[in-house]
Each structure stands twice: as C-alpha cells, then as structure tokens.
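Observations on the model geometry
So you can see what is in the structure, the chains are spelled out below.
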Amino acid sequence: MYICSLNFYATTYMRKSIILLILLLLCRISVQGQNAVPMPARLSDSAFASVLTCGPGDEFYESFGHTALRICDSAQQFDIVFNYGTFDFDEPHFYLRFAGGRLNYLVATQPTGDFWLEYHYYGRSVCEQRLRLGKSELDTLYKMLTINVRPENRYYKYDFFRDNCATRVWDMVATALKGRSLPPDGYPDTRQTYRDLVYKYTDSTLLWWRLGVDLLLGSNCDRLMTRSQYAYIPTEMMWQLDTLLLTDGEALAEPAAQMLDETRTPLPHSISPTMCFWILFAIVLTLTLIARRAEWKLYWLDGILYAAVGAVSLLLIYMTFFSDHWCTKGNFNLLWANPLYLWLLARLRHRNCAATLLTGLIMLAFLAGFNMWPQSFNSAVVPIVLTLEARLLDRFTDKKKYKP
C-alpha cells in the first residue's frame, strides 16, 4: 500500500511537472518569437478588445495581480493576448539592473487559449471586460499594439507604480479614444497613497515581504494618489473600468465577467516580523542587563547587529542615491539604518564615545518624530531601533569593557 501511494504521488508529480514544463515552453516561445503569431493587417467588423484582470498568485511579484489586453477577431480566427508584464531572466546583469531601476520589460503576444490554460493551471482567477470602442478606436488600438510588439519597440523601462502591465493598458486605451476622453482626473474620497495600496494587497501571508518593501520605499510613495494613479493595481483598474464614464457620457467598458475562478490553495499565514523583533528586543535587553552584572563582553552580539544594520544602510544608500527608482528617493529609514554602524563595527572593541553618542541621538530623534516624518514606517522598525538603542547605551556607559 505504501509503495502504491508513493507511485501515485510520483506519477502525479511527474504529470504536473510535464504540464508546467509545457506552459513555461509556451511562454518562452511567446517571448522569443512574438512575430510567429500571424497578425491580420486590419480587423474585421466583428472584432473586439477586452481587458483581462488576473487575480494574485503564490509569488510575491504575483500578489498584486496582472492585467493584459485581448484582441479577438473570430472572423479571421485571430485571438491573442498582449502582455506588458513580461521580463527575461536571461538578460545580462538581471538583478543589478532590477535593483538599479534599469530593467527592461517587454510586450509579448500569446494565444488566448494558452493564456487560459496557464492561469487555470495555477488556479488564478481571470475577469474580462469588453471595451466599448468604436471601429476607428479599435483599429487605432490594434495598430498601436502591432507597432509595440515589433522587436525594435517591444522593450520599455519598467516602473512598478507608474509604468507596469496595468498602466500600459490604461494609457493605450486612453490614447486610442477619438472625439472623447477619460473624465478629468482628481483625488477620490479614499485618499490613499502608493504605500497604502501596497499594504492592501500584501496580506498576512506576505508580512516579511511587506517589511522589505517598506524599508526600500521612500517618502515619494506617501503622497496622495489621483484616481488614475490607482490603476497601477490591476484590480483597482478593473473596478474603475466597471463604473467609468467617458466625457460623452458613455461607459468605456462592459461590467467585468468572471472567466476563471480562483482555485489555488491559500498560502499559510506568515509570522509577524513586528512580534519577532519585539522578542529580539526582549532577549537583547535581558542579555545586556545580565552582562552588566556578570561583566560579559557581548562583542559578538554587537558585531551581528551592527553588521546587519550596516548592510541595510548600504542597500538604502544605493537605492536612494544611485538607482533610477523614483519611489526609493527620500527614504527616512536612513535615519536609523545609517552607515555610522559600519564605523562602530570596524571599532567593535572601542567605546567610540562621539560616534556612539551621535548615533544614539539620531535614533532617539527618529523615534520622537516617528509619526511626524513625511513617511510611513513599518511597525517592526520600533523594536529594531529600541534593540540598537539598548546596545548603544550599554556601550556608551560601560567604561570597563570597552577601550577608549
């Protein structure tokens, strides 16, 4: 029975692996050979365009959903999806270019049938909204798309907030309108920031990812968004399209229709980083108090803490001053994760009174103005700062363990 069970799971695993391999191959063919999909010179009168909004997936970069454009012309047996959310892991210096805000994304085409198959396999939902475009507007949209997928035009510099798979679709549709336009932009009643929406779409399964994003995003992401800027989130754009009226009073899209239901297994809840760092603070404070009485030298503890914060400070400096990401500028996390810790790390056995005092005062100023800085901070930052402050205070006041 046990062997039969193993054989069953092995067979199931192999079957899923083969299906996944086929899907990945299809996606790869779509990226590398976009022009292999024959495109008619003109669309027939029965053609239509629709916006596809996909639900979240299991990976962090999939947690915000996805948007694509579908062009269907049944009279010419033409039905493909234009996908502006494609990137190539084989691009030279992929991670360095991504961190620097210089990673190229590209628009790729994919048969709609393959698109349904891929999202059905991963258990992700898909909604479709047919656009109410006139024939000349649809022709204009189709022409722009066919120009975009040419090898010389298909790449663009990706921006998660202002130039992604959803905003590209929004801008393309808005540009295709003739004799009418989107309503004047303004601030909705919800009055949210870019960071607010990141929080909204990173639930309790992604708390550590949320902390990482919070550390990297600067104060630029705490400005209120206009209505159109909400469209960087696919679901938010779908909701707007459901009710959006153009300047002529006509609806831009039909109500969203559910094409695929979500069937993926929910991710497990993650441990709260805030709770973890409060526990760390309690442990470090206890060790510090015991070490004062026992005259222990906690060089190893300071070394770990200062090295970790120093590494974070170098990353923040790079993202703030040397990357092309506008959303990482003006990052006030540098007040507590500052490079002074690298100096303290280099002189671990010395009190460094001036540097220790300066670092401690900066940390206190940061905590004092925690709710007044023009930036929102992750709640886990408070116990992190208190942990560092406890070690700085011990270093500054204990003259026996440290050299002058």
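Our subject is the structure that appears above.
What you see is a predicted model, and the numbers here were worked out from it, not measured in a lab.

1. Some thoughts on the packing of aromatic side chains
Throughout the structure, instances matching the rule amount to 24 aromatic pairs. A ring pair is formed by Phe 60 and Trp 209, whose centres lie 4.6 Å apart and whose planes are at 10°; its orientation type is stacked. Taken together, the residues Phe 60 in the loop between β1 (48–54) and β2 (66–73) and Trp 209 in helix α7 (residues 207–216) connect sequence positions 149 residues apart. Residue Phe 60 is classed as buried on the basis of its relative accessible area, which comes to 17%.

2. Quick notes on the pairing of strand β4 (residues 104–111)
Most of β4 sits out of view: six of its eight residues are buried. The pairing of strand β3 (residues 78–86) with β4 spans five bridges and is classified as antiparallel. Following the sheet pairing, Asn 83 is matched in β4 by Ala 108. Bridging between β4 and strand β6 (residues 155–157) involves three bridges; their strand directions are antiparallel. In the sheet register, Asn 104 faces β6, and the bridge partner there is Lys 157.

3. Points about the pattern of salt bridges
Taken as a whole, this structure holds 20 salt bridges when the rule is applied. Linking Asp 302 and Arg 391 is a salt bridge whose minimum nitrogen-to-oxygen distance equals 2.7 Å. On the criterion of sequence distance, the pair formed by Asp 302 in helix α10 (residues 299–322) and Arg 391 in helix α13 (residues 381–397) is long-range, its members being 89 residues apart. A relative accessible area of 0% means that Asp 302 is categorised as buried. With a relative accessible area of 1%, Arg 391 lands in the buried category. Note that Arg 395 is salt-bridged to Asp 302, the shortest N-O span being 3.5 Å. Taken together, the residues Arg 395 in helix α13 and Asp 302 in helix α10 connect sequence positions 93 residues apart. An identical accessibility class is assigned to Arg 395 and Asp 302; each is buried. Shared partners join several salt bridges into a network, and the residues in it are Arg 292, Asp 302, Arg 391, Asp 394 and Arg 395.

4. Section: the side chain of Ser 313
Summarising the element assignment, Ser 313 is placed in helix α10. Taking relative accessible area as the criterion, Ser 313 reaches 0% and is therefore assigned buried. Ser 313 has contacts with Leu 334, Ala 337, Asn 338, Pro 339 and Leu 342, leaving out every residue within four places of it along the chain.

5. Some words on the state of the cysteines
Tallying each qualifying case throughout the model produces zero disulfides. Cys 165 carries a free sulfur, and the closest cysteine sulfur to it, the one in Cys 54, is 8.4 Å from it. The buried category is assigned to Cys 165, whose relative accessible area is 9%. Cysteine Cys 327 remains unbridged, with the sulfur of Cys 221 as its closest cysteine sulfur at 4.8 Å.

6. A closer look at the packing of α10 against α13
For the pair α10 and α13, interaxial distance at closest approach is 11 Å and the crossing angle is 130°. Judged by the angle between their axes, α10 and α13 are oblique. In this structure, α10 meets α13 at a crossing whose hand is left-handed. From α10, Leu 301, Asp 302, Leu 305, Tyr 306 and Val 309 reach across to α13, where they touch Thr 387, Leu 388, Arg 391, Leu 392 and Arg 395.

7. What to know about the nonpolar core
Ranked by size, the top nonpolar core spans 39 residues in total, and within it Leu 69, Ile 71, Leu 131, Leu 141 and Leu 252 carry the most contacts. Contributions of two or more residues to this core are made by β1, β2, β3, β4, α4 (135–148), α5 (165–176) and α8 (234–243). Considering each element in turn, this core owes the most residues, seven residues, to α5. Counting 29 residues, the second-largest nonpolar core is a separate cluster that includes Tyr 299, Leu 301, Ala 355 and Ala 380.

8. Section: the environment of Ser 204
Locating Ser 204 in the fold gives a position in the loop between α6 (194–200) and α7. Ser 204 gets classed as partly exposed once you look at its relative accessible area, which sits at 29%. As a C-alpha pair, Ser 204 and Ile 271 span 67 residues in sequence and 8.4 Å in three-dimensional space. Setting aside chain neighbours within four positions, we find Ser 204 in contact with His 269 and Ser 270. A polar atom in the side chain of Ser 204 sits 2.4 Å from the side chain of His 269.

9. Re helix α9 (residues 273–294)
Because each turn of an α-helix spans 3.6 residues, side chains separated by three or four positions end up pointing in the same direction. Between the first and last C-alpha of α9 there are 31 Å, a value that for 22 residues agrees with the 32 Å anticipated at 1.5 Å per step. Among all positions of α9, only Pro 273, Thr 274, Phe 277, Phe 281, Val 284, Thr 288 and Ala 291 are buried. Down the axis of α9, the buried side of the element spans an arc of 110°, and every buried residue falls inside it. Exposed residues lying more than 90 degrees from the buried face of α9 are Leu 289 and Arg 293. Here the buried face of α9 lies against α7, α10 and α13.

The rules behind the values
Residues numbered from 1 in each chain as written. Predicted model: local features only at pLDDT ≥ 70, side-chain atom pairs only at ≥ 80, totals over all residues. Heavy atoms only, no water. Phe/Tyr/Trp six-rings, centres within 6.5 Å; stacked < 30°, edge-to-face > 60°. Helix = DSSP H or I, 4+ residues; strand = E, 2+ residues; numbered from the N terminus. Buried < 20%, exposed > 50% of the residue type's maximum accessible area, 1.4 Å probe, protein only. Pairing = 2+ DSSP bridges. Salt bridge = Lys/Arg side-chain N within 4 Å of Asp/Glu carboxyl O. Contact = heavy atoms within 4.5 Å. Disulfide = S-S within 2.5 Å. Axes fitted to C-alpha atoms, helices over the stretch in contact; angles between N-to-C directions. Parallel < 35°, antiparallel > 145°, perpendicular 65-115°, else oblique. Left-handed = near helix turned anticlockwise from the far one by under 90°. Core = buried A, V, L, I, M, F, W, Y, C linked by side-chain atoms within 4.5 Å. Polar contact = N/O pair within 3.5 Å; in protein donor to acceptor, adjacent residues only side chain to side chain. Expected span 1.5 Å × (residues − 1). Arc of directions from axis to C-beta.

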